[in-house]
Amino acid sequence: DCAAHIYAVAVAPYFAEYIDDRLPAEGGNFDQISAWTQQSDGGLDSLFLELATGTLLRHPVALGGALANPVVTMRRNKWVADLYGLHLIAYEGGLHLSSLSALGTQCNDSNHPACPPYRAIQALYVAASRDPRMGLLYADYLDAWRAEGGELFVHYHAIGQPSTTW
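I will try to describe carefully the structure that is included in this document. (Residues numbered from 1 in each chain as written. Predicted model: local features only at pLDDT ≥ 70, side-chain atom pairs only at ≥ 80, totals over all residues. Heavy atoms only, no water.)

The subject of this paragraph is the overall build of the protein chain. In terms of helices and strands, the protein chain carries six helices and two strands. In sequence order, the protein chain lays out its α and β elements as β-α-α-α-β-α-α-α. Dimensions of the protein chain along its principal axes, counting C-alpha atoms only, are 60 × 30 × 30 Å. When the accessible surface of the protein chain is summed, it comes to about 9000 Å², and 57% of that surface belongs to carbon and sulfur atoms. Across the protein chain, the 9 positively charged side chains and the 17 negatively charged ones have centroids separated by 2 Å. (Helix = DSSP H or I, 4+ residues; strand = E, 2+ residues; numbered from the N terminus. Areas by Shrake-Rupley, 256 points an atom, 1.4 Å probe, with all protein chains shown as cover. Lys, Arg positive; Asp, Glu negative; His and termini not counted. Charge placed at Lys NZ, Arg CZ, Asp CG, Glu CD.)

Looking now at helix H1 (residues 30-37). Listing the buried residues of H1 in full gives Phe30, Ile33, Ser34, Trp36 and Thr37. Looking down the long axis of H1, one finds its buried residues gathered within 155° of arc, a one-sided arrangement. (Buried < 20%, exposed > 50% of the residue type's maximum accessible area, 1.4 Å probe, protein only. Arc of directions from axis to C-beta.)

All right, on to the packing of helix H2 (residues 44-53) against helix H6 (residues 132-147) then. With their axes 11 Å apart at the nearest point, H2 and H6 run at an angle of 10° to one another. It follows from the interaxial angle that H2 and H6 lie roughly parallel. Across from Leu44, Asp45, Phe48 and Leu51 in H2, the residues of H6 making contact are Arg133, Met134 and Leu137. Among the residues making up the contact of H2 with H6, the classes are represented as five nonpolar, no polar and two charged. (Axes fitted to C-alpha atoms, helices over the stretch in contact; angles between N-to-C directions. Parallel < 35°, antiparallel > 145°, perpendicular 65-115°, else oblique. Contact = heavy atoms within 4.5 Å. Nonpolar A, V, L, I, M, F, W, Y, C, P; charged D, E, K, R; others polar.)

With that settled, consider the environment of Gly43. Mapped onto the secondary structure, Gly43 falls in the loop between H1 and H2. By relative accessible area, Gly43 is classed as buried at 0%. Sequence-wise, Gly43 and Leu67 are 24 residues apart; in three dimensions their C-alpha atoms are separated by 20 Å. Once residues within four sequence positions are removed from consideration, Gly43 is found in contact with Trp36, Thr37 and Leu124.

Under the definition given, this model contains six aromatic pairs. Relative to Tyr138, the ring of Phe15 has its centre 5.3 Å away and its plane inclined at 75°; by these criteria the two rings are edge-to-face. Within this pair, whereas Phe15 is found in the loop between strand E1 (8-11) and H1, its partner Tyr138 is found in helix H6, the two being separated by 123 residues in sequence. For the pair shown, Phe15 and Tyr138 are each scored as buried. Here Trp145 and Phe153 contribute two aromatic rings whose centre-to-centre distance is 5.5 Å and whose plane-to-plane angle is 75°, an arrangement assigned as edge-to-face. A relative accessible area of 2% means that Trp145 is categorised as buried. Residue Phe153 is classed as buried on the basis of its relative accessible area, which comes to 17%. Joined through ring pairs, the aromatic side chains of Phe15, Tyr138, Tyr141, Trp145 and Phe153 make up one cluster. (Phe/Tyr/Trp six-rings, centres within 6.5 Å; stacked < 30°, edge-to-face > 60°.)

A few words on the environment of Gln32. Tracing the backbone through its elements, the reader meets Gln32 in helix H1. Given the relative accessible area of 33%, Gln32 is considered partly exposed.

Glancing now at the pattern of salt bridges. A side chain with one charge may pair with a side chain of the opposite charge, provided their charged atoms come close. A complete count under the given rule lists six salt bridges for this structure. A salt bridge links Asp20 to Arg22, with the nearest nitrogen and oxygen atoms 2.5 Å apart. Taking the relative accessible area as the measure of exposure, Asp20 reaches 5% and is therefore buried. Residue class for Arg22 comes out partly exposed when judged on its relative accessible area of 29%. (Salt bridge = Lys/Arg side-chain N within 4 Å of Asp/Glu carboxyl O.)

Here it is, written out as structure tokens:
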């Protein structure tokens, strides 16, 4: 009986992972996100509207906002944990606004002529992580974790040098 030797189901319920800087032909949202960075606030209001509602990018996993998909993940995994009498823990998780495109990840160390829009997107992500609205979103996220029966939560990269990629 394998379950007799397992303490918990461990998951990684990241949020906002669907916000993707790849080109539309690659399944991403580069055009929309890049346009946000041209707004007077650098795109913060649009990004937070998307995170709260999912109405701008209309990605199927974000109908209802960026927390909708991780809550489903939490709920489904809690069901499995309960089925076997196990705890539900997060081995990592948190905000997942990062460059997903090959060029976007290379722009940290490159002067490629296509990099400026990717750098603007990265600046938007950094500004969002420092915005007070992110604190409110995180409070909702962790409240949902507890409400869905989650216990220990290990936040990925909670401290360290600032990064534009994580």
